[in-house]
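If you want the building blocks of each chain, they are given just below.
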Amino acid sequence: MGIQNLLWQVTKKAFTGGIIGVTISDRCCSVVPVRGDSMSPTLNPQRNSYLDDYVLVEKFCLQDYKFVRGDVVVFSSPTHFKDKYIKRIVGLPGEWISSSRDVIRVPEGHCWVEGDNKASSLDSRTFGPIPLGLIRGRVTSVVWPPQRVSKIS
Amino acid sequence: MRWLRYLNQWRGTAKEALEQVSIVAKFLCLIHVTDRYIISSTHVQGPSMLPTLNLTGDVILAEHLSHRFGKIGLGDIVLVRSPTDPTRMVTKRVLGLEGHRLSFSADPLVGDSSISVVVPKGHVWIQGDNLYASTDSRNFGPVPYNLIEGKALLRVWPPRFFGSLR
């Protein structure tokens with residue numbers, strides 16, 4: 001009887017904690033690891049995978065989707081259903097971007113993203129401008145490892 | 001010494017107030033999780049889904065589980081974040097999944113010039129039921145699957161049209 005009660009209490013606390021955690025991570029901010037080196041040297045400047053950067057992603061920008069050129073954002077992939085990428089916005093709606101062959105205009109409601117490490121980055125030069133609705137948050141600072149804690153400009 | 005007594009009284013009330021606030025906060029968090037991840041109600045209006053959805057506005061229940069597991073199929077009515085304005089949601093029907101070939105007429109009012117497209121990987125083709133008054137994939141092209149935010153389940157208002165949508 002005591003064990004059952006204890007289990008119920010623990011489940012209730014875990015459930016409440018989980019719900020509060022999900023709400024905070026959806027509306028306020030969350031911490032995500034950075035995989036790959038497409039944003040070197042801003043993020044993940046070394047190639048060792050056990051020293052991945054962890055960044056703080058803020059979600060207040062999703063209220064009105066107002067971004068500026070230079071924001072580093074997390075967005076869902078336009079081609080692969082479950083993937084998320086971290087890249088920098090280099091083109092806002094209505095601007096002209098010169099890619100390798102021609103000059104492209106970024107359509108309304110879309111943006112052009114590119115990684116800082118142009119050599120190994122899968123970005124808008126491959127899959128074109130992405131709708132702003134795919135963006136899931138803006139990266140504001142690095143929070144781990146401690147020697148790399150800094151704000152991202 | 002009197003202010004010590006006032007402090008004690010204030011502490012009791014503050015504890016009670018904090019408990020009430022935390023109950024309200026937990027309830028709001030529960031509403032957020034249900035609304036975003038399980039089921040929610042949306043008010044849809046506009047002529048683009050006639051005759052399925054009314055012009056003057058319906059309230060429909062939409063579930064947010066299917067699209068997370070990739071279970072959106074042909075003919076589903078989905079809530080999609082608009083690719084031209086990320087602050088707006090649009091309701092359309094899925095008429096093509098990735099890899100499908102579709103042909104549509106560029107302008108349904110004049111002639112029948114037909115355009116054929118193949119839906120690229122990771123995208124879906126959405127179209128309103130009312131071909132004459134709908135801006136959909138015929139205008140802005142196929143949309144990425146990840147823009148889908150929910151699938152419509154049934155209509156709850158107005159009451160005489162209560163039931164599933166077909």
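Residues numbered from 1 in each chain as written. Chains lettered and ligands numbered in written order. Predicted model: local features only at pLDDT ≥ 70, side-chain atom pairs only at ≥ 80, totals over all residues. Heavy atoms only, no water.

The name an unreviewed UniProt entry assigns to chain B is Peptidase S26 domain-containing protein, from the organism Brassica carinata. Chain B has a UniProt comment under Subunit (unreviewed entry) that states "Heterodimer of 2 subunits, IMP1A/B and IMP12." Reading the Subcellular location (unreviewed entry) entry of the UniProt record for chain B gives the comment "Mitochondrion inner membrane". (UniProt positions renumbered as here; feature names shortened; annotations may be inferred.)

An unreviewed UniProt entry annotates chain A as Mitochondrial inner membrane protease subunit 2 of Brassica napus. Looking at chain A in UniProt, the text filed under Subcellular location (unreviewed entry) is "Mitochondrion inner membrane".

## Some thoughts on the overall build of chain A
Within chain A one finds two helices and 10 strands. Ordered by position from the N terminus, the helices and strands of chain A form the series α-β-β-β-β-β-β-β-α-β-β-β. Against the globule reference of 15 Å for 153 residues, chain A gives a C-alpha radius of gyration of 19 Å, more extended than a compact globule. Across its three principal axes, chain A shows a C-alpha extent of roughly 75 × 35 × 25 Å. Per-residue burial for chain A yields a buried fraction of 39% across its 153 residues. With an accessible surface of roughly 8,700 Å², chain A has 60% of that area assigned to carbon and sulfur atoms. Counting 20 positive and 14 negative side-chain charges, chain A places the averaged centre of each group 6 Å from the other. (Helix = DSSP H or I, 4+ residues; strand = E, 2+ residues; numbered from the N terminus. Rg over C-alpha atoms; globule rule 2.2 N^0.38 Å. Buried < 20%, exposed > 50% of the residue type's maximum accessible area, 1.4 Å probe, protein only. Areas by Shrake-Rupley, 256 points an atom, 1.4 Å probe, with all protein chains shown as cover. Lys, Arg positive; Asp, Glu negative; His and termini not counted. Charge placed at Lys NZ, Arg CZ, Asp CG, Glu CD.)

## Quick word on the layout of surface pockets
Taken as a whole, the largest pocket holds about 1,500 Å³ of empty space. Asp 26 and Arg 136 of chain A together with Arg 36, Arg 68 and Glu 149 of chain B are, among the 47 residues lining the largest pocket, the residues nearest its centre. Residues of the lining of the largest pocket, tallied by class, amount to 17 nonpolar, 15 polar and 15 charged. Elements represented by at least two residues in the lining of the second largest pocket include exactly strand E1 (39-44) and strand E4 (89-96) of chain B. Split into classes, the residues belonging to the lining of the second largest pocket amount to eight nonpolar, nine polar and two charged. (1 Å grid on protein atoms, 1.4 Å probe; cavity = no way out; pocket = protein on both sides within 12 Å on 5 of 7 lines; lining within 4 Å. Points joined across faces, edges and corners; volume = space filled by probe spheres on them. Nonpolar A, V, L, I, M, F, W, Y, C, P; charged D, E, K, R; others polar.)

## A word on the UniProt feature "domain: Peptidase S26" (unreviewed entry) in chain B
Residues and elements named next belong to chain B. Under the feature "domain: Peptidase S26" (unreviewed entry), the UniProt entry names residues 20-110 and 118-157. Secondary structure across residues 20-110 divides into 20% helix and 33% strand, with the first and last C-alpha atoms of the span separated by 63 Å. For residues 118-157, the end-to-end C-alpha separation is 37 Å, with 10% helix and 45% strand making up the annotated structure.

## Examining the side chain of Ser 66 of chain B
All names here are of chain B. Turning to its location among the elements, Ser 66 is positioned in the loop between strand E2 (58-63) and strand E3 (77-81). For Ser 66, a relative accessible area of 12% puts it in the buried group. Not counting residues up to four positions away in its chain, the partners in contact with Ser 66 are Lys 71, Ile 72, Tyr 145 and Lys 151. (Contact = heavy atoms within 4.5 Å.)

## Re the pattern of salt bridges
All names here are of chain A. Counted under the stated rule, the structure contains 11 salt bridges over all chains. The partner of Arg 125 in a salt bridge is Asp 123, with the nearest N and O atoms 3.0 Å apart. The exposure class of Arg 125 is partly exposed, given its relative accessible area of 37%. Residue Asp 123 is classed as buried on the basis of its relative accessible area of 0%. Here the salt bridges share partners, and the residues they tie into one network are Glu 58, Asp 71 and Arg 138. (Salt bridge = Lys/Arg side-chain N within 4 Å of Asp/Glu carboxyl O.)

## Points about the interface of chain A and chain B
Facing the 25 residues of chain A at the interface are 23 residues of chain B. Buried surface at the junction of chain A and chain B, both sides included, amounts to about 1,900 Å², of which 64% is carbon and sulfur. Looking only at chain A, the three residues that lose the most surface to chain B are Ile 19, Asp 26 and Phe 81 of chain A, adding up to 26% of its buried area. Taken together, chain A and chain B are joined by zero salt bridges. A total of seven residues in the side of chain A that touches chain B trace back to one element, the largest contributor, which is helix H1 (residues 2-27) of chain A. Split into classes, the residues belonging to the side of chain A that touches chain B amount to nine nonpolar, 10 polar and six charged. (Buried area = accessible area lost by both parts, 1.4 Å probe.)

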